[in-house]
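The primary structure of each chain is shown beneath.
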Amino acid sequence: MKRVLTIITLASISFLSAKADEGMWLPSLISQRIADMQDKGFRLSAEDIYSVNQASLKDAVVLFGRGCTGELVSPEGLLLTNHHCGYGQIQQHSSVEHDYLRDGFWAMTREEELPNKGLTVSFLERMDDVTDIILKGNDSSMSEKERADLVKSNSEALIKEATQEGKGLRATVEALYYGNQYFLFLYREYSDVRLVGAPPSSIGKFGGDTDNWMWPRHTGDFSIFRIYADKDNNPAPYSKDNVPYKPKKYFKISTKGVQEGDFTFIYGFPGRTQEYIHSEGVRYIEETGDPHKIHLRTLRLDIMKKYMGESQKVRIQYSSKNANVANAWKKWQGEVKGIRKMKTVRTKQEFEKAFDAWAEGGEFDGVTGKLAALYAELEPYQFATDYYSETVRTVEIANFAMSIARLFSQEDFDKAKAEELAATFYKDWHLPIDKESFVAVMNEYEKNIPEDFKPAYHKEKLAAYGSVEAWAEDMFTNSIFVDPDKVKALAAEDKETVLKDPATEFSNEFLKWHTTDIQPVTARINRDLQLAYRDYMRGQMTYCRTQRVPKAFYPDANLTLRVAYGHIKGYSPSDAVYYMPSSTIKGIMQKDNPEIFDYNIPQRLRDIYAARDFGPWTDASGEVPVCFIATNHTTGGNSGSPVINAEGNLIGLNFDRVWEGTMSDIVFDPEICRNIALDIRYVLFIIDKVADADHLLEEMVLE
Ligand code: ARG
Ligand code: GLU
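The following paragraphs examine the structure supplied in this document. (Residues numbered from 1 in each chain as written. Chains lettered and ligands numbered in written order. Predicted model: local features only at pLDDT ≥ 70, side-chain atom pairs only at ≥ 80, totals over all residues. Heavy atoms only, no water.)

Overview of the site of ligand 1
- Around ligand 1, a shell composed of His 84, Lys 205, Gly 208, Asp 209, Asn 212, Trp 213, Ala 323, Asn 327, Ser 639, Phe 655 and Asp 656 is seen.
- One of the side-chain N or O atoms of His 84 is found 3.1 Å from an oxygen atom in ligand 1.
- Between ligand 1 and the protein, one listed contact pairs a nitrogen atom with a side-chain N or O atom of Asn 212 at 2.8 Å.
- Protein chains bury 88% of the 340 Å² of accessible surface belonging to ligand 1 in isolation.
- Secondary-structure elements contributing two or more residues to the shell around ligand 1 are helix H9 (208–211), helix H11 (312–341) and strand E17 (650–657).
- Partitioning the shell around ligand 1 into residue classes produces three nonpolar, five polar and three charged. (Near = heavy atom within 4 Å. Polar contact = N/O pair within 3.5 Å; in protein donor to acceptor, adjacent residues only side chain to side chain. Areas by Shrake-Rupley, 256 points an atom, 1.4 Å probe, with all protein chains shown as cover. Helix = DSSP H or I, 4+ residues; strand = E, 2+ residues; numbered from the N terminus. Nonpolar A, V, L, I, M, F, W, Y, C, P; charged D, E, K, R; others polar.)

As C-alpha cells, this is what we get:
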C-alpha cells in the first residue's frame, strides 16, 4: 500500500515539477527568473530585459500586425520579421507582372519602400499589475455579472487615463490566470510601416507546406520592413513626409555563430496556450475537435492543390489562403500525436484525482467535478461550432455576399465600399475551388452533424435540391455574386435581390441559427468554465505550494509580451533517430529539385553555391548556416521573435516549432519540444549575396 502511494505521489510530482525550459514569463517580473537565467548562461540583468526608466530590450521588440512579432535592427527603424508574417503584404503588392512572391522584392532606395494599408506595429511602453485597481469595489457578495461589470468599468477608466496623451497610445487590460490577476499593457502603435525586402518564396518559403512544422528545416523565413514616424518620432498615418522611426533600442547582430548548449532567449508575443486545462478539455481536442477539423481541411486542401497546380494565376490567388489553411491543419496533426504520446489525458486525470483528495472539504472541493460536467454539456455545442467555422464559414462567396449585404443594412448604400470589397474579393477568388469545397465540406456537415444540431434551413434546402451537389450548382450559377459586373451594378434599390440571393441566404440563415441556437449556449457554458477555472487555477497554485509540489507557474499566453529561455539543443523524436541542432546550405542543395515546386531554388543560389561565394557568412565547416532549434517555449505569435544570445545580441528569428512538439500549447515536453529559428547569418547572406542589398547591411551593427 505504502509503495503504491509513493508511486502516485511521484507521478504527480513528475507531472508538476518545474520542467527545465518550460514557461513564458512576464518581462516586468523577470527579476524572479533572472537568477535561473544567469545560472544557465545569461549575462545581462533584469533591467536590460525590461525597464521603464531606461531603454531596454523590450523597446526593440514589436507586435507585428495582429499576430506576429518583429524586432528593430537599425537606428533607422529597420525591422525584421518572418516572410510568412509579411506574406499578406508581399502578396498584396504582387500581380502576374510583378510577382514579388515568386521573385522577391528589394527596395534599393527609401523611395521604393512600399506602404501597407492596415499594417501596424506596437511597442510596449509599460505593463503594470493593476489587479487591485480593477477589482476595487469587488466583494464576495457580488454576483458574477456585477463583478464583470465592475472589471469592465474599472478597466475602461484605467485605459482612458493611460492613453490620455494620445500620440498613438493604445492600452488593454488583460486577465491573467483566468482572472485571478489583471495587467495593464500600454502600447504605442505605428501605422506607417513599409515593405523593404523579401526573398523569393523559393527561399522565404523553401520547403513550403511539405517542410512546415518539420525539422530538419531550410526555410529562409524572413522579410524586412521599416517603421516611419512624423518628424517628432511619433506615430502618424502614411505620408510621404514621414521619416524613418528612431528606436530607443535596436538589436546588435551576432555573427559569431551558435553551438549546441548555448543559452538562448526569445522575446515576443505568444498567442494562446492552455497549460492548466482539465483532462476533459484535452480529451475533446484529442479525440474529436482536432481529428474532425483535420479531415475537413484535408478535403479543401486537396481541391486547392489541384487548381493551383494548373495555373500560375490561381497559385498566386490562393497562395496565402492555402498556407493559412495548411498551417493549422498540420499543427493539429502533430498536436494529437504529442498529446497521445505524452498520455496527457491520463496524467491530468491522475493529477485531478490527487487534487480532489487534497481539496475535499475545503475551498476547492468539487471544482474539478464542475469542470468535467461543464465540458460534457459543452461538447455537442463545441462540435457544432467547430463545424460551423470549418464548413459554412469557409465558403468564400457566402462570406463575400454577407459583407455586401451588410452594406445594405446601413442607411445609405455605400457603393464605393462595395466596389472596394468586390475588388479585393475577385482579385483572389476562383469559382471552381469555392464550389468544389462547398460540396465537400457541406456533405461532411450533412453526414456528421446530428439532426437536432442542424438548422431547419439546411434540411429544407437539402430536401428541395436532393443533394449538396445540386445545391452548389444553383448557388454557383445563379447567385449574382458569381458575376463581378452584376455586383458592380448594385444600387440602393437592389436590397431585396441581395438579401434573397442564394449565397447571402446561405450565410445569413446559418449565422442566424448559430447566433440564436448555438452561440448563446456556448457563451454561457464558457463563462461558467472561466469561473470554475478561476477557482481551479488558484486551487492548483495553492495545492502545489502547500503540498510542496515543485512547479513554477506562468500565465497562459494571451498575445502579450513574454520571455522564454532555454538553450540550443538537438532531439530524438523516436528510437534510433537523433536530430542535430543546426542545418546548413548544404541541406538546401540536397533538397533542391527543379521538378518539385517547394524545393525549386533560384538559379542564383545554385550558382553561388557552385562558386562557394559565401562571403563571411559561414560556420566552422565552411557552409552557410540556415536554421537551428532550441528548447524555448513558444507558440503561434512568436513568429518573427528575436532569438537572443547570452549577451543580448540577435542570433536568429523564431519562425516555427518541430511537429512532434506542437502539443506544447497544452503540455510541454523538454525532451521533444523545440522552437525553430532562422540563423541570422543566413539572413545576412541572402541580403548580401542574393539581393545585393548591402545598403541594408550598412545600417545594422554586426558583432
Ligand atoms: N508553422 C509556422 C507558423 O505557425 C509557419 C507557417 C507559414 N508557413 C507555411 N508553409 N504555411 O506560423
Ligand atoms: N509559425 C508560428 C507563428 O506564426 C510560430 C510557430 C508556433 O506556433 O510555434 O507564430
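Thoughts on the layout of surface pockets
- Estimated volume of the second largest pocket: approximately 820 Å³.
- Lining the second largest pocket are 28 residues, with Asp 209, Met 308, Asn 322, Phe 597 and Asp 598 sitting closest to its centre.
- Taken together, the elements giving at least two residues each to the lining of the second largest pocket come down to helix H5 (100–103), helix H8 (201–204), H9, helix H10 (279–310) and H11.
- Per-element tally for the lining of the second largest pocket: the top contributor is H11, with seven residues.
- Its residues assigned to classes, the lining of the second largest pocket shows nine nonpolar, 10 polar and nine charged. (1 Å grid on protein atoms, 1.4 Å probe; cavity = no way out; pocket = protein on both sides within 12 Å on 5 of 7 lines; lining within 4 Å. Points joined across faces, edges and corners; volume = space filled by probe spheres on them.)

With respect to the site of ligand 2
- Taken together, the neighbourhood of ligand 2 is formed by His 84, Trp 213, Thr 634, Thr 635, Gly 636, Gly 637, Asn 638, Ser 639, Phe 655, Asp 656 and Arg 657.
- Within the backbone of Gly 636, one N or O atom sits 2.9 Å away from an oxygen atom of ligand 2.
- Here the residues of the shell around ligand 2 sort into two nonpolar, seven polar and two charged.

Comments concerning the environment of Leu 296
- For Leu 296, the location among the structural elements is in helix H10.
- Classification of Leu 296 as buried rests on a relative accessible area of 1%.
- Expressed as a C-alpha distance, the spacing of Leu 296 and Ser 437, which sit 141 residues apart in the sequence, is 9.5 Å.
- Those residues in contact with Leu 296 that sit more than four places away from it in its chain are Tyr 387, Glu 390, Thr 391, Val 441 and Glu 444. (Buried < 20%, exposed > 50% of the residue type's maximum accessible area, 1.4 Å probe, protein only. Contact = heavy atoms within 4.5 Å.)

So, helix H7 (residues 144–162)
- Counted at 1.5 Å a residue, the expected span for H7 with its 19 residues is 27 Å, and the 27 Å between its end C-alpha atoms agrees.
- When H7 is considered as a whole, its buried residues turn out to be Arg 147, Leu 150, Val 151, Asn 154, Ser 155, Leu 158 and Ala 162. On an axial view of H7, the arc spanned by its buried residues comes to 125°, and they lie on one face. Facing away from the buried surface of H7 by more than 90 degrees, the exposed residues are Lys 145, Lys 152 and Lys 160.
- Against helix H6 (131–134), strand E7 (169–176), strand E8 (181–190) and helix H21 (502–546) lie the buried residues of H7. (Expected span 1.5 Å × (residues − 1). Arc of directions from axis to C-beta.)

Overview of the packing of helix H13 (residues 367–390) against H21
- Here H13 crosses H21 at 155°, and the two axes come no closer than 9 Å. Comparing the axis directions of H13 and H21 gives the class roughly antiparallel. For H13 against H21, the interelement crossing comes out left-handed.
- Residues that form the contact of H13 with H21 fall into these classes: 17 nonpolar, six polar and six charged. (Axes fitted to C-alpha atoms, helices over the stretch in contact; angles between N-to-C directions. Parallel < 35°, antiparallel > 145°, perpendicular 65-115°, else oblique. Left-handed = near helix turned anticlockwise from the far one by under 90°.)

Topic: the side chain of Ser 583
- Along the chain, Ser 583 turns up in strand E14 (residues 582–584).
- For Ser 583, the side chain forms a polar contact with the main-chain oxygen of Arg 217, separated by 2.8 Å.
- Each residue touching Ser 583, except ones within four places of it in the same chain, is listed here: Trp 215, Arg 217, His 218, Pro 625, Val 626 and Cys 627.

Overview of the pairing of E8
- Here E8 lies mainly inside the structure; nine of its 10 residues are buried.
- The pairing of E7 with E8 spans eight bridges and is antiparallel. Residue Ala 171 lies in a different strand from E8, and its bridge partner there is Leu 186.
- Two successive antiparallel strands, E7 and E8, enclose a turn made up of four residues, where Tyr 177 displays a positive phi of approximately 50°. (Pairing = 2+ DSSP bridges.)

With respect to empty space enclosed by the protein
- Going through the model one piece at a time under the given rule, you end up with three cavities of 30 Å³ or more.
- The space that makes up the largest cavity amounts to roughly 50 Å³.
- Along the walls of the largest cavity sit Ala 384, Tyr 388, Tyr 445, Ile 449, Phe 453, Phe 510, Trp 513, His 514 and Ile 518, which together make up its complete lining.
- Among the elements of the structure, H13 and H21 are those that each provide at least two residues to the lining of the largest cavity.
- Class assignment of the residues belonging to the lining of the largest cavity gives a composition of eight nonpolar, one polar and no charged.

Things to note about the side chain of Asp 211
- Residue position: Asp 211 is located in helix H9.
- Reaching out from Asp 211, the side chain makes a polar contact with the side chain of Lys 591 at a distance of 2.8 Å.
- Contacts of Asp 211, omitting those with residues within four sequence positions, involve Arg 217, Lys 330, Lys 591 and Tyr 599.

Some remarks on the state of the cysteines
- Within the structure shown, the criterion is met by one disulfide.
- Through a disulfide, Cys 68 is tied to Cys 85; the S-S separation comes to 2.1 Å. Residues Cys 68 and Cys 85 are joined through a disulfide that is left-handed, its torsion about the S-S bond being -80°. Linking Cys 68 in strand E2 (residues 68–72) with Cys 85 in the loop between strand E3 (78–81) and helix H4 (87–92), this pair joins segments that are 17 residues apart in sequence.
- Distance from the sulfur of Cys 544, which forms no disulfide, to the nearest cysteine sulfur (Cys 673) is 20 Å.
- Here Cys 673 stays unpaired: no disulfide links it, and the sulfur of Cys 627, its closest cysteine neighbor, is 18 Å away.
- The buried category is assigned to Cys 673, whose relative accessible area is 2%. (Disulfide = S-S within 2.5 Å.)

Re the packing of aromatic side chains
- The full count for this structure, using the stated rule, is 49 aromatic pairs.
- Considering the side-chain rings of Tyr 190 and Tyr 245, the 4.8 Å spacing of their centres and the 55° angle between planes classify their relative orientation as tilted. Of this pair, Tyr 190 sits in strand E8 while Tyr 245 sits in the loop between strand E11 (243–244) and strand E12 (263–268), and the two are 55 residues apart along the sequence. Tyr 245 shares its class with Tyr 190; the two are buried.
- Each ring, one from Tyr 533 and one from Tyr 536, has its centre 6.4 Å from the other, and the planes form 40°; the classification is tilted. Remark: Tyr 536 and Tyr 533 occur in helix H21; sequence separation between them is three residues, near one turn of the helix. Neither residue differs from the other here; Tyr 533 and Tyr 536 are each classed as buried.
- Put simply, the rings of Phe 383, Tyr 387, Phe 438, Tyr 445, Tyr 457, Tyr 465, Trp 471, Phe 476, Phe 506 and Phe 510 pair up and form one aromatic cluster. (Phe/Tyr/Trp six-rings, centres within 6.5 Å; stacked < 30°, edge-to-face > 60°.)

A look at the sheet that holds E12
- In spatial order, the strands read E13-E12-E16-E17-E18-E15-E14; together these seven strands make up an open sheet with antiparallel pairing. Because the sheet does not close on itself, it has two edges, and the strands there are strand E13 (562–567) and E14. Shown here is a sheet whose adjacent strand axes are inclined to one another by a mean of 30°, direction ignored.
- Judged from the five bridges that link them, E17 and strand E18 (residues 675–679) form a sheet pairing that is antiparallel. Within the sheet, the bridge partner assigned to Leu 653 lies in E18 and is Leu 678.
- Of the strands in this sheet, strand E15 (625–630), E17 and E18 touch helix H24 (residues 680–690), which is tilted by about 35° from E18.

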